[in-house]
Amino acid sequence: MTTGTTQSTESPALRVGLVGYGLAGAAFHAPLIATTPGLRLEAVVTADPERREQLHRDHPQARAVDTAERLLADPGALDLLVVASPNRSHVPLARAALEAGLPVVVDKPLAATAAEAAELADLAEARGLLLTVFQNRRWDTDFRTVQQLLADGALGTVHRYESRFERWRPELKDGWRESADPADAGGILYDLGSHLVDQALTLFGPATHVYAEVDTRRLGARVDDDAFVALTHTSGVRSHLWMGALTGQLGPRLRVLGDRSAYSVHGMDPQEDALRAGQRPGPGWGEVAEAGRGLLGTENGTAPHPSLPGDYPAFYAGVVHALREGGPAPVDPRDAVAALAVLEAARRSSAEGRTIALSAEEAR
């Protein structure tokens with residue numbers, strides 16, 4: 001099921017340092033690292049006593065470290081650094097790791113701005129080191145199934161792509177995600193939009209124009225919690241992307257319209273819930289029940305279409321392949337630069353009430 005080439009059994013496992021043991025670190029990165037052949041979770045940065053206890057229960061072989069600075073003081077003890085800490089720390093930690101000679105995985109968004117992301121990509125290229133971004137939603141079951149349908153020509157020529165990540169979270173929560181400081185890259189546009197824009201660009205290529213409506217709806221909220229982004233791609237496809245925290249009734253997860261057929265899906269990929277519940281990749285991982293399949297067809301007739309299983313483990317298998325075999329990064333950091341350029345344009349579009357044309361450099 002998992003893609004990518006793993007190391008031979010004779011090679012020592014790559015030693016991974018993980019910064020952060022909140023939701024991203026504990027539920028996503030640590031379990032995927034621990035179950036990927038060729039990787040070993042060596043150390044985790046967290047100073048929180050409860051999280052250190054959780055780490056000891058979940059991964060007793062991994063040592064807890066108080067600070068990232070202490071971890072990076074001995075870069076020779078690691079083969080890879082994974083940054084799963086709050087957004088404002090992504091750039092300084094990734095830069096410090098690259099300057100110390102370590103390959104880096106950074107949780108999305110790579111940076112708060114496209115310019116900062118480009119600087120990191122430049123630094124990684126100059127040092128000849130892997131830099132990649134954890135865009136796990138590229139391995140969602142619905143996204144993988146759409147990729148297959150496009151490759152098979154089942155939809156014909158696509159003209160519109162609609163995609164949603166919506167939630168019902170009317171009550172505010174404390175934390176940096178609700179911070180209005182631009183350095184925190186808080187708000188739903190950067191949180192969920194990072195996934196939605198990346199998926200749209202991956203499927204249909206660069207965007208030339210961006211229109212957006214970005215709003216703050218919940219009482220007392222200081223950052224955006226409701227957004228719509230429309231992209232015009234160089235391919236001619238138009239992507240309509242919704243994200244919201246105040247969505248009492250959820251729309252379709254995605255809908256793709258072509259001149260031959262259409263495909264629609266309701267419901268989320270099962271992998272996040274499985275990881276949050278403490279499940280680990282193994283037989284049957286990422287499979288969707290028959291009742292959760294999407295529909296393929298036209299108004300003259302639709303039928304459930306078999307879904308490809310979700311495959312989050314493929315990301316870290318790709319990291320191993322890149323480090324051991326010199327393969328490509330599972331996610332090119334330049335893709336993150338392009339997505340951030342779109343998100344920045346979306347903010348401008350909403351603030352100025354107009355469509356933003358991207359330059360040729362931004363659209364790449």
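Above this text sits the structure in question.
Residues numbered from 1 in each chain as written. Predicted model: local features only at pLDDT ≥ 70, side-chain atom pairs only at ≥ 80, totals over all residues. Heavy atoms only, no water.

Peer 1: Lay out the sheet that holds strand 4 (residues 80-83) with the relevant residues and their values.
Peer 2: Within the open sheet, the six strands sit side by side as 3-2-1-4-5-6. Their pairing is parallel. A single partner strand is all that each edge strand has here, and the edge strands are strand 3 (63-65) and strand 6 (131-134). Neighbouring strand axes in the sheet, compared pairwise and without regard to direction, differ in orientation by 25° on average. Of the strand pairs in this sheet, strand 5 (residues 104-107) and strand 6 are connected by four bridges, and their pairing is parallel. Counted as the bridge partner of Val 104 is Leu 131 from strand 6. (Pairing = 2+ DSSP bridges. Helix = DSSP H or I, 4+ residues; strand = E, 2+ residues; numbered from the N terminus. Axes fitted to C-alpha atoms, helices over the stretch in contact; angles between N-to-C directions.)

Peer 1: Got a sec to walk through unusual backbone geometry? Specific residues and values, please.
Peer 2: A cis geometry characterises the amide bond from Lys 108 onward to Pro 109, with omega recorded as -10°. With respect to the secondary-structure elements, Pro 109 resides in the loop between strand 5 and helix 5 (114-127). Of note in this structure, Ala 185 is not a glycine but carries a positive phi near 45°. Considering the arrangement of structural elements, one finds Ala 185 in the loop between strand 7 (158-166) and helix 7 (188-191). Accessibility expressed as a relative area gives 9% for Ala 185, which makes it buried. (Buried < 20%, exposed > 50% of the residue type's maximum accessible area, 1.4 Å probe, protein only.)

Peer 1: So, the packing of helix 4 (residues 90-99) against helix 5: which residues are in play, and what are the values?
Peer 2: Viewed as axis vectors pointing N to C, helix 4 and helix 5 meet at an angle of 10°, and their least axial separation amounts to 10 Å. The angle between the axes of helix 4 and helix 5 places the two elements in the roughly parallel class. The segment helix 4 lies against helix 5, with Val 91, Ala 94, Arg 95, Leu 98 and Glu 99 engaging Glu 116, Glu 119, Leu 120, Leu 123, Ala 124 and Arg 127. Split into classes, the residues belonging to the contact of helix 4 with helix 5 amount to six nonpolar, no polar and five charged. (Parallel < 35°, antiparallel > 145°, perpendicular 65-115°, else oblique. Contact = heavy atoms within 4.5 Å. Nonpolar A, V, L, I, M, F, W, Y, C, P; charged D, E, K, R; others polar.)

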